[in-house]
Amino acid sequence: MTHLRIHPSILSADFARLGEELAAISTADAAHIDVMDNHFVPNLTWGPPVVQRLREVSPVPFDVHLMIEDADRWAPRYAEIGCESVTFHAEAAIAPIKLARQLRSNGAQAGMALRPATPVEPYLDLLAGGELDLLLVMTVEPGFGGQAFLEVTLPKIRRAAQALLGSQVPVALQVDGGITEETIVRAAEVGADTFVAGSAVYGAASAADAGWRDRFADAWERGSGRAWQEIRSLIRVSRVDHPEGMLVSPEQVSAPRQTPALLVVDGVDDLSAEQLSALRGLEA
Ligand code: DX5
Ligand code: ZN
């Protein structure tokens, strides 16, 4: 999970031409498919038969985002019909660990989403324990495309990124809602690596021109996205409790004690200034 990933959301596509709209984003890492049931959110989209047919014609994998109640019952179906990644909402799942395992055994990656006001802390053990492949932090209230990015979610993304650095398994950190060339910089700075964009891709003159991909990549670089990528691929970071929260190499740790947390980085001496500043941003 170490490179920039862009997942255009077909919620902003022309619904009369969904096959062509999927063909237009063949350079994307995946297509983001928003499933809404008019109960979990006040909007309604499509269900398994439509998603299954769209998947058959899509040139890219499907990243399904379920904004539905009773996720425990319905989510596994999306894995069965061939969707590569299925994300349920933490607020809608009764047994998230059982559900995540079921999704994986049905051949999909397991993702969990948090509404903007849902804290990440209750789920940190689940993430560190390798039960999930993806954490989606919603950056708007789910339900509609074209809303403004909620800056208030940035500290939560930062805390999630901190926690995921200490995880022994790769977990993608996805943001969804109001992602533009401006806000992608803000989200990348605090450690997001997978970006859903509906109106910013399909609202452009033509999704097929793929200029959006280069523009997003430039913005991601400005947000230290590459420094993050290199940190994730080169080093191992763990967190221990220590009276002086700071960034150190393993040799510098003498007697870890109380909080705040200490980031222990294998190979901290080999990091570039940009990488160090990306990591130090996490300590704030
Ligand atoms: C909103 C959906 C998003 C939506 C994003 O509830 O989950 O995936 O398509 O649209 P933009 O990028 O326009 O905010
Ligand atoms: Zn979504």
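Residues numbered from 1 in each chain as written. Chains lettered and ligands numbered in written order. Predicted model: local features only at pLDDT ≥ 70, side-chain atom pairs only at ≥ 80, totals over all residues. Heavy atoms only, no water.

Here we come to the sheet that holds strand β6 (residues 134–138). Strands sit in the order β1-β8-β7-β6-β5-β4-β3-β2 across an open sheet of eight strands; the sheet is parallel. Only two strands of the sheet have a single partner each, and these edge strands are β1 (5–8) and β2 (31–36). When the angles between neighbouring strand axes are averaged without regard to direction, this sheet yields 25°. Strand direction decides the pairing type here: β2 and strand β3 (residues 62–67), joined by six bridges, are parallel. If you follow alanine 31 over to β3, its bridge partner there is phenylalanine 62. (Pairing = 2+ DSSP bridges. Helix = DSSP H or I, 4+ residues; strand = E, 2+ residues; numbered from the N terminus. Axes fitted to C-alpha atoms, helices over the stretch in contact; angles between N-to-C directions.)

The next point concerns the coordination of the zinc ion (ligand 2). Surrounding the zinc ion (ligand 2) are the protein donor atoms His32 (NE2), Asp34 (OD), His65 (ND1) and Asp176 (OD), which sit 2.1 to 2.3 Å from the metal. One can describe the donor arrangement at the zinc ion (ligand 2) as octahedral, given that its six donor atoms subtend angles of 71 to 173° at the metal. Here the donor residues of the zinc ion (ligand 2) are spaced in sequence according to H-x1-D-x30-H-x110-D. Residue histidine 65 is located in strand β3, and its partner aspartate 176 is located in strand β7 (residues 172–176); the two are separated by 111 residues in the primary sequence. On the basis of relative accessibility, which here comes to 0%, the residue histidine 65 falls in the buried class. (Donors = N, O, S within 2.8 Å, 3.2 Å for Na, K, Ca; no water. Tetrahedral: all angles 85-135°; square planar, octahedral: opposite > 155°, others 65-115°. Buried < 20%, exposed > 50% of the residue type's maximum accessible area, 1.4 Å probe, protein only.)

In the vicinity of ligand 1, 19 residues are found, and the nearest of them are Ser9, Gly143, Asp176, Gly198 and Ser199. Between an oxygen atom of ligand 1 and a side-chain N or O atom of histidine 32, the distance comes to 3.3 Å. Taking glycine 143, its main chain carries an N or O atom lying 2.7 Å from an oxygen atom of ligand 1. Summarising the interface, the protein chains cover 100% of the accessible area of ligand 1, which totals 380 Å² for the free molecule. Under a 2 Å grid-point criterion requiring more than half of the atoms, the pocket assigned to ligand 1 is the second largest pocket. Only β2, β3 and β8 (194–197) provide two or more residues apiece to the shell around ligand 1. In terms of residue class, the shell around ligand 1 is built from seven nonpolar, ten polar and two charged. (Near = heavy atom within 4 Å. Polar contact = N/O pair within 3.5 Å; in protein donor to acceptor, adjacent residues only side chain to side chain. Areas by Shrake-Rupley, 256 points an atom, 1.4 Å probe, with all protein chains shown as cover. 1 Å grid on protein atoms, 1.4 Å probe; cavity = no way out; pocket = protein on both sides within 12 Å on 5 of 7 lines; lining within 4 Å. Sits in = over half its atoms within 2 Å of the grid points. Nonpolar A, V, L, I, M, F, W, Y, C, P; charged D, E, K, R; others polar.)

A few words now on the packing of helix α3 (residues 71–80) against helix α4 (residues 96–105). Running from N to C, α3 and α4 point in directions that differ by 15°, and their axes come no closer than 9 Å. Relative to α4, the element α3 is oriented roughly parallel. The handedness of the crossing between α3 and α4 comes out as right-handed. Of the residues in α4, those in contact with Ala71, Asp72, Ala75, Pro76 and Ala79 of α3 are Leu99, Gln102 and Leu103. Considering only residue class, the contact of α3 with α4 consists of six nonpolar, one polar and one charged. (Parallel < 35°, antiparallel > 145°, perpendicular 65-115°, else oblique. Left-handed = near helix turned anticlockwise from the far one by under 90°. Contact = heavy atoms within 4.5 Å.)

A few words now on the layout of surface pockets. The computed volume of the second largest pocket comes to approximately 250 Å³. Phe144, Gly145, Gly146, Asp176 and Gly177 are the residues nearest the centre of the second largest pocket, which is lined by 26 residues in total. Of all the secondary-structure elements, those providing two or more residues to the lining of the second largest pocket are β2, β3, β8 and α8 (199–202). Residue composition of the lining of the second largest pocket, grouped by class: eleven nonpolar, twelve polar and three charged. (Points joined across faces, edges and corners; volume = space filled by probe spheres on them.)

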